[in-house]
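Notes for the structure review
One letter stands for each residue in the lines below.
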Amino acid sequence: MAGHKYKGYTNDGKPLKIAFDVDGDDTPHGEVMDMSLQVKPQYHGVGKGLCFMSFSSGSSGNMAYLGTPRGGILIDAGIREPVKYHRKKKNPERQDVPTLDQAFDELERNGISRDMIKGVLLTHAHQDHMRCLYPAVNRCHCSVYCTMGVMDQLLQRCRISGRIRDHHVPIFKEIPFRVLDMEITAFETSHDVKSVGFSIEYEGERFVIATDMGIITERAAHYMCRANYLMLECNYDLEMLENGKYPAMLKDRVKGDKGHLDNVVSAQFVAEHYNENLRYVFLCHLSKDNNTEEIALSTMRRALEAKGLTVGDGSNAVDQRNRNVQIYALPRYSASAWFVLA
C-alpha cells in the first residue's frame with residue numbers, strides 16, 4: 001500500500017468525502033499494432049434497455065457507444081480519423097487504434113446505423129478523446145455535448161475545425177439534460193484540463209463514466225456510488241510506473257491529483273462502496289506502458305473478493321451469470337464485446 005493514502009467512508013446516501021493520492025498516464029508510446037479491430041463481438045442485437053460497446057480505451061484513443069432501442073450517443077471521439085482526414089505526415093502513435101469507419105462498421109453489425117447516433121459526450125479536450133470528433137459529428141449530423149470550458153480548450157489547444165461550434169450544445173455541471181430517452185448529468189473530475197464525467201440514466205438504470213482523473217472527488221464519488229454500470233479508469237500499476245521508463249516529471253504527473261487513477265485506488269473504491277445495484281465495472285484507460293489487463297483485473301477481483309463478493313468475467317457464460325458483480329477490461333486497441341445490459 002506504499003504510495004497511497006486512502007480514506008474509507010460508509011455510503012450513507014450523502015455525497016462522500018474521499019481523499020486519495022494517485023495515479024495515471026496520458027502520453028501515447030510504442031510500437032505500431034494491427035490496425036484492424038481484433039475482437040469481433042458476437043451479435044446480440046439491441047435489446048430492450050441499455051447497450052454498450054467500446055472501440056478503444058487507453059492513451060492512444062478512446063471512444064464508446066451507449067444507447068437504448070431508440071438510438072444512442074458516443075462517449076468521446078478519440079480514435080483514428082477516416083482516411084481522408086489523415087495528415088500527410090502520419091503519426092505512428094495513431095496507427096494502433098481503429099478508424100472511425102471501422103467503429104461504424106461494428107455498430108452496423110449490431111443494428112446501429114449512423115442516423116441513430118444523436119450526439120457525442122466529450123469529457124475533455126485531450127487528443128486521445130477528441131481526435132476524430134469533427135468527422136464523427138459531421139458524418140452522423142449530430143451534436144457535441146460539452147461544457148463551455150471544455151469547448152474553449154478544444155478550440156484553443158487542438159487542431160480542429162472551428163465549425164465544430166456549429167454542432168456544440170453547451171451543458172452545465174450537475175444540471176441534467178436529455179438526449180433521446182436518456183437523462184444525462186455531467187460532473188466535475190480532477191484532471192490537468194477542464195474535465196467531466198457523465199451519469200446517464202435510462203428507465204432507472206444508471207451508467208456512469210469516470211475516467212482521466214487524479215483523485216476521486218466528493219462529487220464524482222456521489223455519482224459513482226449510484227451506478228448500476230460503472231466505466232472506471234484503472235490507468236496504471238504503481239510498481240510498473242515507478243520502475244518504468246517514464247522520466248520523473250511524467251511519473252509525478254501521472255501520480256498527481258490531476259493525473260490518473262491507479263488499479264489499487266480504483267479497486268479499493270469499488271470494494272469499499274459496493275452495493276447490490278452495481279452489476280458491471282468496465283475498467284478503462286489502461287496504460288500500455290504501466291499496466292496490463294491481467295494486473296488491472298486481478299487487482300479489482302482481489303479487492304471485491306476480500307469483501308466476500310463473487311465476481312464474474314463479463315462473458316455472460318452460464319457459470320458466470322450468478323455473481324454479485326461483473327468486471328471487464330476494455331481493450332486498448334480493439335472493439336469490446338457488445339453488451340446488452342438490460
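Look up: the structure comes first, before these words.
What counts, and at which threshold
Once a new chain begins, its residue numbering starts again from 1 and follows that chain's sequence as written. The predicted origin of the model limits local features to residues at a pLDDT of at least 70 and limits the giving and counting of side-chain atom pairs to 80 or more, whereas totals for whole chains, interfaces and linings rest on all residues. Processing note: side-chain calculations cover all non-hydrogen atoms of the structure and skip hydrogens and water entirely. To qualify as a helix, a DSSP run of H or I must reach at least 4 residues; to qualify as a strand, a run of E must reach at least 2; elements of each kind are numbered from the N terminus. Burial classification: accessible surface area is computed with a 1.4 Å probe over protein chains only, and a residue below 20% of its type maximum counts as buried, one above 50% as exposed, and the rest as partly exposed. Whether two residues touch is decided by their heavy atoms; if any such pair falls within 4.5 Å, the residues are in contact. What we call a nonpolar core is a set of buried Ala, Val, Leu, Ile, Met, Phe, Trp, Tyr and Cys residues that are connected through their side-chain atoms within 4.5 Å. Two strands are counted as paired when DSSP detects at least two bridges linking them. Here the aromatic set is Phe, Tyr and Trp, taking the six-membered ring for Trp, and pairing holds for ring centres within 6.5 Å; pairs whose planes are under 30 degrees apart are stacked, those over 60 apart are edge-to-face, and all others are tilted. Each axis is a line fitted through C-alpha atoms, and for a helix only the stretch in contact is used; angles between axes span 0 to 180 degrees, taken between their N-to-C directions. Whenever a carboxyl oxygen of Asp or Glu lies within 4 Å of a side-chain nitrogen of Lys or Arg, that contact is scored as a salt bridge. To obtain the arc, one takes the directions from the helix axis to the C-beta atoms.

In this section: the overall build of the chain. A count of helical and extended segments in the chain gives nine helices and 15 strands. Taken over 342 residues, the chain has a buried fraction of 58%. A fraction of 68% describes how many contacts in the chain between residues 6 or more apart in sequence connect residues 24 or more apart.

With that settled, the discussion passes to the nonpolar core. Core analysis: the largest hydrophobic core is formed by 36 residues, its most contacted members being Met63, Tyr65, Leu107, Leu122, Leu133, Leu154 and Ile164. The element best represented in this core is helix α3 (residues 133-140), accounting for five residues. When sequence neighbours within four positions are dropped, the list of residues in contact with Leu107 reads Phe55, Tyr65, Ile112, Ile117 and Trp338.

Judged by pairing direction, the sheet is mixed, and its eight strands sit side by side in the order β7-β8-β9-β10-β11-β12-β14-β13 without closing on themselves. The open sheet is flanked by β7 (177-179) and β13 (311-312), the only strands paired with a single partner. Direction of pairing for β7 relative to strand β8 (residues 182-188): antiparallel, over a ladder of three bridges. Within the sheet, the bridge partner assigned to Val179 lies in β8 and is Met182.

For the structure on display, the rule yields 14 aromatic pairs. Summarising the aromatic geometry, the rings of Tyr145 and Phe177 are spaced 5.3 Å apart at their centres and angled 15 degrees between planes, so their arrangement reads as stacked. Taken together, the positions of Tyr145 in strand β5 (residues 143-147) and Phe177 in strand β7 put the pair 32 residues apart, joining distant regions of the chain. A single burial state applies to Tyr145 and to Phe177, both of which are buried. With a centroid separation of 6.4 Å and 75 degrees between ring planes, the pair formed by Phe282 and Tyr328 is classed as edge-to-face. Here the residue Phe282 occupies a position in strand β12 (residues 280-284), and Tyr328 occupies one in strand β14 (residues 325-329), the gap between them amounting to 46 residues. With respect to burial, Phe282 and Tyr328 carry one shared label: buried.

Moving on to the sheet that holds strand β1 (residues 51-58). An order of β6-β5-β4-β3-β2-β1-β15 is seen for the seven strands of this open sheet, with the pairing classed as mixed. Two strands close off the open sheet at either side, each with one partner strand: β6 (168-171) and β15 (339-340). Note: strand β3 (residues 71-75) against strand β4 (residues 117-121), three bridges, orientation parallel. Paired with Leu74 across the bridge in β4 is Val120. Here helix α1 (residues 100-109) sits on the sheet in contact with β1, β2 (61-68) and β4, set at roughly 155 degrees to β1.

Here the focus is the pattern of salt bridges. Summed over all chains, the structure comprises 13 salt bridges. We note a salt bridge from Glu106 to Arg109, for which the minimum N-O separation is 2.7 Å. Taken as a pair, Glu106 and Arg109 lie in helix α1 at a separation of three residues, close to a single helical turn. You can call Arg109 partly exposed: its relative accessible area is 44%. Arg253 is paired through a salt bridge with Asp192; the nearest N and O atoms lie 2.8 Å apart. Here Arg253 is found in helix α7 (residues 248-255), whereas its partner Asp192 is found in the loop between β8 and β9 (196-202), with 61 residues between them in sequence. You can call Arg253 partly exposed: its relative accessible area is 24%. Judged by relative accessible area, Asp192 falls into the partly exposed class, the value being 33%.

A separate point is the environment of Leu283. Note that Leu283 resides in strand β12. Dropping the residues within four chain positions of it, Leu283 is found in contact with Leu232, Cys234, Ala296, Leu297, Met300, Tyr328, Ala329 and Leu330.

Turning our eyes to something else, we now look at α7. The periodicity of an α-helix, 3.6 residues per turn, causes residues three or four positions apart to be oriented the same way. Along α7, the residues that are buried comprise Leu250, Lys251 and Val254. End-on view of α7: buried residues confined to an arc of 100 degrees, all on one side of the axis. Looking at α7, the residues exposed on the side facing more than 90 degrees away from the buried face are Ala248, Met249 and Asp252. Check the buried side of α7 and you find it contacts α6 (238-242).

Here the phi dihedral of Glu174 falls at roughly 65 degrees; this positive angle occurs in a residue that is not glycine. The topology assignment puts Glu174 in the loop between β6 and β7. The exposure class assigned to Glu174 is partly exposed, which follows from its relative accessible area of 30%. Backbone geometry at Leu180 places phi at a positive 55 degrees, although glycine is not the residue there.

In short, geometric facts, not functional conclusions.
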